[in-house]
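Breakdown of the fold
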Amino acid sequence: MFALVAVAGVYSRLRQVEQVIADLTVGGGRRDTLPASLRPRPGESATVLLTLDGECPICHRLAKAVEEEMATAAWAGLRVVRVFSSIDARDRHPDVVAMETVADPDVWAAVYEGYNPTLSVVNAAGEVIFRRFVYADTNLTELLAEASAVSLTQGKGAPSREAV
C-alpha cells in the first residue's frame, strides 16, 4: 500500500514539474516561434498541433477525439495539423480529410517536447500559446474545450501566461 501511495505521489509531482517547464518555455522560452508552415492561414484564428506517434494508443485516442470535435461549431476557423516524425508513424493512423498531416523529421524536431502525444495551439505569430501533454487519464473533452477556447480568444493576439 505504501508503494502505491509513493508511486502516485511521484507521478503527481512529475506532472507538476512538466507543467512548470511548459510554463517556462511557452511564449518566450527556447521555442519562441514555430515554422511558418504550421501557423494559421488567413481567416483561421489559430493552429492546433497534435504531436503524435504511430504506436502510442493515447495518440490514437487523442486524434480520434479531435476528429470528432472538429465537426462542432467550436472548432470552426481552426487549422488542425497532425505532426509525425516519419511516414511509418503517419501510416499507422487512419487518414482524416479534415486534418492536415505532416510527416517530416525537421518539422517534428521543431515541435517535439520530449513526450507525445502533445496538443499545442499556435497563434499567427508562430507562438505556442497553449500546450498540454496528454496522458491516459487526461479528460479529452475538457482538454479540447480548453484548447478551443484559448484558440478563439487568444489565437490572433499575444500569449497569455494564465492560459498556458
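Our subject is the structure listed above.
Below, the structure is looked at part by part. From a predicted model like this one, the values you see are computed outputs, not experimental measurements.

Procedures and definitions
- Residues numbered from 1 in each chain as written.
- Predicted model: local features only at pLDDT ≥ 70, side-chain atom pairs only at ≥ 80, totals over all residues.
- Heavy atoms only, no water.
- Helix = DSSP H or I, 4+ residues; strand = E, 2+ residues; numbered from the N terminus.
- Buried < 20%, exposed > 50% of the residue type's maximum accessible area, 1.4 Å probe, protein only.
- Contact = heavy atoms within 4.5 Å.
- Areas by Shrake-Rupley, 256 points an atom, 1.4 Å probe, with all protein chains shown as cover.
- Phe/Tyr/Trp six-rings, centres within 6.5 Å; stacked < 30°, edge-to-face > 60°.
- Pairing = 2+ DSSP bridges.
- Axes fitted to C-alpha atoms, helices over the stretch in contact; angles between N-to-C directions.
- Core = buried A, V, L, I, M, F, W, Y, C linked by side-chain atoms within 4.5 Å.

Examining the overall build of the protein
Check the secondary structure of the protein and you find 5 helices and 5 strands. Secondary structure elements of the protein occur, N-terminal to C-terminal, as α-β-α-β-α-β-α-β-β-α. With 164 residues in all, the protein has 44% of them scored as buried. Within the protein, residue pairs in contact and separated by at least 24 positions form 69% of the contacts whose partners lie at least 6 positions apart. Summed over its atoms, the accessible surface of the protein is roughly 8,400 Å², and 59% of this surface lies on carbon and sulfur atoms.

With respect to the packing of aromatic side chains
Going through the model one piece at a time under the given rule, you end up with 3 aromatic pairs. Each ring, one from Y115 and one from F133, has its centre 5.7 Å from the other, and the planes form 80°; the classification is edge-to-face. In this pair, Y115 is assigned in the loop between helix 4 (105-111) and strand 4 (118-122) and F133 in strand 5 (residues 128-133), connecting sequence segments 18 residues apart. Put simply, the rings of Y115, F133 and Y135 touch in pairs and so form one group of aromatic residues.

Regarding the sheet that holds strand 5
Taking strand neighbours across the sheet as the criterion, the 5 strands line up as 3-2-1-4-5 in an open arrangement whose pairing is mixed. Two strands bound the open sheet, and with one partner strand each, they are strand 3 (100-103) and strand 5. Pairs of neighbouring strands in the sheet enclose a mean axial angle of 20°, with direction left out of account. Direction of pairing for strand 2 (residues 78-84) relative to strand 3: parallel, over a ladder of 4 bridges. Paired with V83 across the two strands is V102, which belongs to strand 3. Each of strand 1 (46-51), strand 2 and strand 4 is contacted by helix 2 (residues 57-69), which is oriented at about 155° to strand 1, the strand it contacts most. Relative to strand 5, helix 5 (residues 140-154) is tilted by about 175°, and along the sheet it contacts strand 1, strand 2, strand 4 and strand 5.

Re the nonpolar core
The biggest cluster of nonpolar side chains holds 29 residues, and the ones touching the most others in it are L50, L62, V66 and L119. Of all elements in the fold, only strand 1, helix 2, strand 2, strand 4, strand 5 and helix 5 reach the threshold of two or more residues within this core. Tallying contributions element by element places helix 2 first for this core, with 6 residues. Setting aside residues no more than four positions away along its own chain, L62 makes contact with L50, L52, P117, L119, V134, L140, L143 and L144.

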